[in-house]
Amino acid sequence: MRGMDKRQIRLLALACAAVAVVVVIITLIIVFATGDHEDPQEAEPSASSQTIPEGMKLIDDIYNGEMIVPDFDIPDNKLDPKGFASEENGIIRYKEASLGIDVSEFQGEVDWYAVKAAGVDFAIIRCGYRGMTQGLLTPDKHFERNLTEAKNAGLKRGVYFFSQAVTAVEAEAEADFVIEQLAGEGLEYPIVFDWEDPVPSEELPADTLRALDCSGETVTECAQAFCERVKKAGYIPCVYFNKHQAYNFYDLEKLKDYDFWYADYNPVPALCYQFRTWQYSDQGAIPGIDVTVDLDLCFQPYGE
């Protein structure tokens, strides 16, 4: 067979080059299609791929996604997210849960008969508070009136005390103050320990806030002392907190023998642990009250 001329050789070389290009393209397509390549900017590992520290657990929060939180020996929240229904007036309902409000002197003079007619079943009434600067124990201006008139209107009642205790001894004094104010009055709902983080402001500079640097360990001890005093007096003790306090402040393991009142201003409560009462709004509009009011649901109604 005779050899190829120069033109044929050039054509063969071009054909081989074309075949090589096609092979490279096909190889790249296969590599990218099968994901067999390194991403130079890999996404940061999710919580599920991290090592979970001892005493902690991984949860999937409906608002915050994956979170690592303390692993307390407390029953899980079994509420059905699909069971919550929001009405046009801002009221949220859940199956057989009771609707309630919590009030203080800031709600003014409440028409409790109008409140009852609006479908409210219970009220948690502020008994008093400890001052954020000097720490004085002060009764709520409308406590006695609210306690009496809510009962007369047919509402079930509990009370709460706004605490700024910095020792267990102070918390016991707060509980004794509440019990003294009740003067033997029976309650269907609990007496609630409500300790909230003091927030500095122009009117209340940081150096005037006596409880500003209180640790979660200390406040947990305060909650225990308050609740034990309440229990000894024959009332139901309860602790109020929000999600941050539940996961990052309180040791709920030490408080699990008391009822929980959880604050979360969202359409569905997201705490992973079981709680009995949920405060879901501070902007409620209820007939009989001229200003906004906190709204609550009790999933296991008391006194039934």
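These numbers come from a predicted model, not from an experiment.

**Side note on empty space enclosed by the protein**
Space left empty within the atom packing is revealed by a probe, the size of a water molecule, rolled over the atoms.
Right, on to step 1. Across all of its chains, the model carries one cavity of 30 Å³ or more by this definition.
Right, on to step 2. Within this model, the largest cavity holds a volume of roughly 40 Å³.
Right, on to step 3. Along its surface, the largest cavity is lined by Ile124, Tyr189, Pro190, Val192, Cys238, Trp261, Thr277 and Tyr302.
Right, on to step 4. In terms of residue class, the lining of the largest cavity is made up of seven nonpolar, one polar and no charged.

**Quick word on the nonpolar core**
Right, on to step 1. Grouped together as the largest cluster of nonpolar side chains are 71 residues, with contacts concentrated most on Ile101, Trp112, Phe193 and Tyr250.
Right, on to step 2. In terms of residue count, helix H5 (residues 216–232) provides more of this core than any other element does, seven residues in total.
Right, on to step 3. The contacts of phenylalanine 193, once residues within four sequence positions are left out, are Phe161, Ser163, Ala171, Glu174, Val219, Cys222, Ala223, Phe226, Cys238, Val239, Tyr240 and Tyr250.
Right, on to step 4. If you look at the next biggest cluster of nonpolar residues, it comprises eleven residues, including Phe122, Cys238, Trp261 and Cys298.

**Some remarks on the layout of surface pockets**
Right, on to step 1. A volume near 600 Å³ is recorded for the largest pocket.
Right, on to step 2. Taken together, 27 residues make up the lining of the largest pocket; nearest its centre are Tyr160, Phe162, Asp194, Glu196 and Asp294.
Right, on to step 3. Put simply, the parts of the chain that give the lining of the largest pocket at least two residues each are strand S5 (98–103), strand S6 (122–130), strand S8 (156–163), strand S10 (237–242), helix H6 (243–248) and strand S11 (259–263).
Right, on to step 4. By residue class, the composition of the lining of the largest pocket is eleven nonpolar, six polar and ten charged.
Right, on to step 5. Approximately 220 Å³ is the volume found for the second largest pocket.

**Overview of the packing of helix H4 (residues 168–182) against H5**
Right, on to step 1. Packing of H4 against H5 brings their axes to within 8 Å, and their N-to-C directions diverge by 35°. Here H4 and H5 pass one another in a crossing that is right-handed. Every residue of H5 that contacts H4 at Ala168, Ala171, Glu172, Glu174, Ala175, Asp176 and Ile179 is listed here: Glu221, Cys222, Ala225, Phe226, Arg229 and Val230.
Right, on to step 2. For the contact of H4 with H5, the per-class residue count stands at eight nonpolar, no polar and five charged.

**Brief notes about the pattern of salt bridges**
Right, on to step 1. With the rule as written, the count across this model stands at 18 salt bridges.
Right, on to step 2. Residue glutamate 149 pairs with arginine 145 through a salt bridge whose shortest N-O separation is 3.3 Å. With glutamate 149 and arginine 145 both in helix H3 (residues 143–152) and four residues apart, this pair spans about one turn of that helix.
Right, on to step 3. Across the salt bridge formed by glutamate 228 and lysine 231, the nearest N and O atoms sit 3.6 Å from each other. Residue glutamate 228 and its partner lysine 231 are located together in helix H5, separated by three residues, close to a single helical turn.
Right, on to step 4. On the basis of relative accessibility, which here comes to 40%, the residue lysine 231 falls in the partly exposed class.

**So, the environment of glutamine 134**
Right, on to step 1. The topology assignment puts glutamine 134 in the loop between S6 and strand S7 (137–139).
Right, on to step 2. Taking the C-alpha atoms as reference points, glutamine 134 and leucine 209, separated by 75 residues in sequence, lie 8.4 Å from one another.

**Thoughts on the pairing of strand S1 (residues 56–61)**
Right, on to step 1. Burial of S1 is one-sided: the residues Lys57, Ile59 and Asp61 facing one way are buried, the residues Met56, Leu58 and Asp60 facing the other way are not.
Right, on to step 2. Of the pairings in the sheet, the one linking S1 to strand S2 (residues 65–70) comprises six bridges and is antiparallel in character. Residue pairing in the sheet places methionine 56 in a bridge with proline 70 of S2.

**A few points about the side chain of aspartate 61**
Right, on to step 1. Relative to the assigned elements, aspartate 61 resides in strand S1.
Right, on to step 2. Of the residues examined, aspartate 61 reaches a relative accessible area of 4% and is grouped as buried.
Right, on to step 3. In terms of polar contacts, aspartate 61 uses its side chain to reach the side chain of lysine 243, at 3.0 Å.
Right, on to step 4. Those residues in contact with aspartate 61, other than ones at most four positions away along the chain, are Met67, Lys243 and Ala270.

**A word on the packing of aromatic side chains**
Right, on to step 1. Taken as a whole and judged by the stated rule, the model has 19 aromatic pairs.
Right, on to step 2. Relative to tyrosine 262, the ring of phenylalanine 241 has its centre 6.4 Å away and its plane inclined at 50°; by these criteria the two rings are tilted. With phenylalanine 241 in strand S10 and tyrosine 262 in strand S11, this pair connects stretches of sequence that are 21 residues apart.
Right, on to step 3. A relative accessible area of 0% means that phenylalanine 241 is categorised as buried.
Right, on to step 4. By relative accessible area, tyrosine 262 is classed as buried at 0%.
Right, on to step 5. Within the aromatic cluster, the residues linked to one another by ring pairs are Phe84, Tyr94, Trp195, Phe241, Phe249, Tyr250, Phe260, Tyr262, Phe275, Trp278, Tyr280 and Phe299.
Right, on to step 6. Between the NZ or CZ atom of arginine 276 and the centre of the ring of tyrosine 302, over which it lies, the distance is 3.7 Å.

What counts, and where the lines are drawn
Residues numbered from 1 in each chain as written. Predicted model: local features only at pLDDT ≥ 70, side-chain atom pairs only at ≥ 80, totals over all residues. Heavy atoms only, no water. 1 Å grid on protein atoms, 1.4 Å probe; cavity = no way out; pocket = protein on both sides within 12 Å on 5 of 7 lines; lining within 4 Å. Points joined across faces, edges and corners; volume = space filled by probe spheres on them. Nonpolar A, V, L, I, M, F, W, Y, C, P; charged D, E, K, R; others polar. Core = buried A, V, L, I, M, F, W, Y, C linked by side-chain atoms within 4.5 Å. Buried < 20%, exposed > 50% of the residue type's maximum accessible area, 1.4 Å probe, protein only. Helix = DSSP H or I, 4+ residues; strand = E, 2+ residues; numbered from the N terminus. Contact = heavy atoms within 4.5 Å. Axes fitted to C-alpha atoms, helices over the stretch in contact; angles between N-to-C directions. Left-handed = near helix turned anticlockwise from the far one by under 90°. Salt bridge = Lys/Arg side-chain N within 4 Å of Asp/Glu carboxyl O. Pairing = 2+ DSSP bridges. Polar contact = N/O pair within 3.5 Å; in protein donor to acceptor, adjacent residues only side chain to side chain. Phe/Tyr/Trp six-rings, centres within 6.5 Å; stacked < 30°, edge-to-face > 60°. Lys NZ or Arg CZ within 6 Å of the ring centre and 35° of its normal.

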